Amino acid sequence: QIVDRKKNMFKTSLGEYVPVEEVEKVYQDSCVYANFVFVPKETKVAYVAACVVVSASIGLVMDWAKQNGVPGDEKAVVESDAF
């Protein structure tokens, strides 16, 4: 069974249309640390959220943290404001 979105766009509570696949592609292509980007369809809020998975590239993330002086373990680095 194939599971996919019914429409490629959704409308936020403010009436703005969000092109989901384009948003995901921009973040996926522009961030070397992102292995997977998912934008859930949530129409009851005024903002757009994204779920970004960095599990396979955590080594790169930790190298970045070391170069930028961000302390902590993997969880702390990924949740930091700097990242």
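Figured I'd write up the structure that's included with this text. (Residues numbered from 1 in each chain as written. Predicted model: local features only at pLDDT ≥ 70, side-chain atom pairs only at ≥ 80, totals over all residues. Heavy atoms only, no water.)

1. Observations regarding the overall build of the protein
Definition in use: By definition, any uninterrupted DSSP run of H or I lasting at least four residues is a helix, any uninterrupted run of E lasting at least two residues is a strand, and each is numbered from the N terminus. It is over C-alpha atoms that the radius of gyration is taken, and the globule rule equals 2.2 Å times the number of residues to the power 0.38. Think of it in three bands: residues with accessible area under 20% of the maximum for their type are buried, residues over 50% are exposed, and the middle band is partly exposed, with areas taken using a 1.4 Å probe on protein chains only. Contacts: residue pairs with any heavy atoms within 4.5 Å of one another. In these tables, accessible area is a Shrake-Rupley quantity obtained with a 1.4 Å probe, and a residue counts as shielded only by the protein chains included in the view.
From N to C terminus, the protein includes three helices and four strands. Reading the secondary structure of the protein in the N-to-C direction produces β-β-α-β-β-α-α. The C-alpha radius of gyration computed for the protein amounts to 15 Å, which surpasses the reference 12 Å derived for 83 residues by more than 25%, pointing to a less compact arrangement than a globule. In terms of principal-axis extent, the alpha carbons of the protein reach across some 40 × 30 × 20 Å. Counting every position in the protein, which comprises 83 residues, the buried fraction comes to 22%. For the protein, long-range pairs separated by at least 24 residues make up 27% of all intrachain contacts whose partners lie at least 6 apart in sequence. For the protein, the exposed surface amounts to about 6400 Å²; the carbon and sulfur share of it is 55%.

2. Some remarks on the side chain of Glu24
Under the convention used in this document: Whenever two N or O atoms come within 3.5 Å, that pair is a polar contact, provided that in protein one can donate a hydrogen and the other can accept it, and provided that, for residues adjacent in sequence, both atoms are side-chain atoms.
Within the fold, Glu24 resides in helix α1 (residues 20–30). Of the polar contacts made by the side chain of Glu24, one reaches the backbone nitrogen of Val39; its length is 2.9 Å.

3. What to know about the packing of aromatic side chains
Rule in force here: To pair, rings of Phe, Tyr and Trp, with the six-membered ring standing in for Trp, must have centres within 6.5 Å; the planes then decide the type, stacked if under 30 degrees apart, edge-to-face if over 60, and tilted in the middle.
Using the criterion set out here, one finds two aromatic pairs in the structure. Considering the side-chain rings of Trp64 and Phe83, the 5.6 Å spacing of their centres and the 65 degrees angle between planes classify their relative orientation as edge-to-face. Taken together, the residues Trp64 in helix α2 (residues 58–67) and Phe83 in the segment after α3 (74–79) connect sequence positions 19 residues apart. Judged by relative accessible area, Trp64 falls into the buried class, the value being 17%. Phe83 gets classed as partly exposed once you look at its relative accessible area, which sits at 31%.

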